Amino acid sequence: MNQAPNPFNSNPSNPLDPLEQELDEQGEEMPRQYHPATKKTLQKAFLILVVVGAIIGGILSIGVISLLQKAGLTDVPARVQTPK
């Protein structure tokens, strides 16, 4: 069943292949270690996305509130007297 590795394969290790995952002494999968520069870049991108989302959300909420006020939808409704 064991086959020789393909000599024409330029990427011999497949990270999704369960046979090539690193295991510890108990046979459990070891966590992957990422390069520190990659981790820092991903953290920076995540932070930028969160800040941009908060800014866009703030601008949209101000716009929606101003439209509601211009349309008169934030005014207190007038009381209607119902005859008894």
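Everything that follows concerns the structure shown earlier in this document.
Residues numbered from 1 in each chain as written. Predicted model: local features only at pLDDT ≥ 70, side-chain atom pairs only at ≥ 80, totals over all residues. Heavy atoms only, no water.

Some points on the overall build of the protein chain
- Each helix and strand counted, the protein chain has one helix and zero strands in total.
- Taken across its 84 residues, the protein chain has 0% of its residues classed as buried.
- By element, 63% of the accessible surface of the protein chain is carried by carbon and sulfur atoms, the whole surface being about 8800 Å². (Helix = DSSP H or I, 4+ residues; strand = E, 2+ residues; numbered from the N terminus. Buried < 20%, exposed > 50% of the residue type's maximum accessible area, 1.4 Å probe, protein only. Areas by Shrake-Rupley, 256 points an atom, 1.4 Å probe, with all protein chains shown as cover.)

A few points about a nonpolar patch on the surface
- Residues Leu47, Val51, Ile55 and Ile59 make up a contiguous nonpolar surface patch of about 390 Å² in total accessible area.
- Topologically, Val51 is positioned in helix 1 (residues 36-71).
- Of the residues examined, Val51 reaches a relative accessible area of 41% and is grouped as partly exposed. (Patch = residues over 30% accessible without salt bridge, like charges linked within 9 Å, V, L, I, M, F, W, Y side chains within 5 Å. Salt bridge = Lys/Arg side-chain N within 4 Å of Asp/Glu carboxyl O.)

What to know about helix 1
- The end-to-end C-alpha distance of helix 1 is 52 Å, a good match for the 52 Å that 36 residues give at a rise of 1.5 Å each.
- Positioned one or two residues after helix 1, Gly72 has a phi angle of 80°, which is positive. (Expected span 1.5 Å × (residues − 1).)

Points about the environment of Leu68
- With respect to the helices, strands and loops of the structure, Leu68 is situated in helix 1.
- By relative accessible area, Leu68 is classed as partly exposed at 34%.
- Leu68 has contacts with Leu73 and Thr74, leaving out every residue within four places of it along the chain. (Contact = heavy atoms within 4.5 Å.)

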